[in-house]
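Here is how the chains run, residue by residue.
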Amino acid sequence: MDNDPLREIKNVLKKRQWRGLIISVALVVFLFLFKPWVQIGAGERGIVQNFGAVQDVVLDEGIHFKIPIVQTVIPMDIKIQNSGQCRFLIL
């Protein structure tokens, strides 16, 4: 009879471990599905949109957090590019 309370305590502990594991897995799935961050690379800037409306916020290089579904970030290339159209005129 004395072992019954100990078994009940062990069962409760095991259930809580499963609950923690399920919560952790759900959190990881949420992060990968909704991707609440954006990475802006070197030579880029990020234009922030809320429901498609452009905001005054411009994101610099690095990792930034955004509100999933509400905000989108459009990376824009700001590097100087050589067009290769330079021609010399010889007289």
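Up top is the structure these notes are about.
Criteria and cut-off values
Residues numbered from 1 in each chain as written. Predicted model: local features only at pLDDT ≥ 70, side-chain atom pairs only at ≥ 80, totals over all residues. Heavy atoms only, no water. Salt bridge = Lys/Arg side-chain N within 4 Å of Asp/Glu carboxyl O. Helix = DSSP H or I, 4+ residues; strand = E, 2+ residues; numbered from the N terminus. Core = buried A, V, L, I, M, F, W, Y, C linked by side-chain atoms within 4.5 Å. Buried < 20%, exposed > 50% of the residue type's maximum accessible area, 1.4 Å probe, protein only. Contact = heavy atoms within 4.5 Å. Polar contact = N/O pair within 3.5 Å; in protein donor to acceptor, adjacent residues only side chain to side chain. Pairing = 2+ DSSP bridges. Axes fitted to C-alpha atoms, helices over the stretch in contact; angles between N-to-C directions.

**Re the pattern of salt bridges**
Pairing of side chains with opposite charge becomes possible as their charged atoms draw close.
Phase 1 of the analysis: Per the stated rule, a full pass over the model turns up 2 salt bridges.
Phase 2 of the analysis: A salt bridge links Arg45 to Asp60, with the nearest nitrogen and oxygen atoms 3.4 Å apart. Placement of the pair is Arg45 in strand S2 (residues 44-50) and Asp60 in the loop between strand S3 (53-59) and strand S4 (62-65), with a sequence separation of 15 residues.
Phase 3 of the analysis: With a closest N to O distance of 4.0 Å, Lys79 and Asp77 form a salt bridge.

**Thoughts on the nonpolar core**
As a rule of thumb, nonpolar side chains are buried together in soluble globular proteins.
Phase 1 of the analysis: Val38, Ile40, Val48, Leu59 and Val73 together form the largest nonpolar core, which totals 5 residues.
Phase 2 of the analysis: Apart from the residues lying within four places of it in its own chain, the contact partners of Val73 are Val38, Ile40, Gly46, Ile47, Val48, Leu59 and Lys66.

**Considering the side chain of Gln71**
Phase 1 of the analysis: Following the sequence through the fold, Gln71 ends up in strand S5 (residues 71-77).
Phase 2 of the analysis: Separated by 3.2 Å, the side chains of Gln71 and Asn50 make a polar contact.
Phase 3 of the analysis: Among residues more than four places away in sequence, those in contact with Gln71 are Val48, Gln49, Asn50 and Lys66.

**A word on the sheet that holds S5**
Within a sheet, neighbouring strands are paired by backbone hydrogen bonds and run either parallel or antiparallel to one another.
Phase 1 of the analysis: Strand order across the open sheet formed by 3 strands is S3-S2-S5, with antiparallel pairing between neighbours. Where the open sheet ends on each side, the last strands, each with one partner, are S3 and S5. Between one strand and the next, the sheet's axes are offset by a mean angle of 30°, whatever the strand orientation.
Phase 2 of the analysis: Inspection of the sheet shows S2 paired to S3 by 4 bridges, in the antiparallel sense. Among the inter-strand pairings, Asn50 is bridged to a residue of S3, identified as Ala53.

This is a description of form; function is not addressed.
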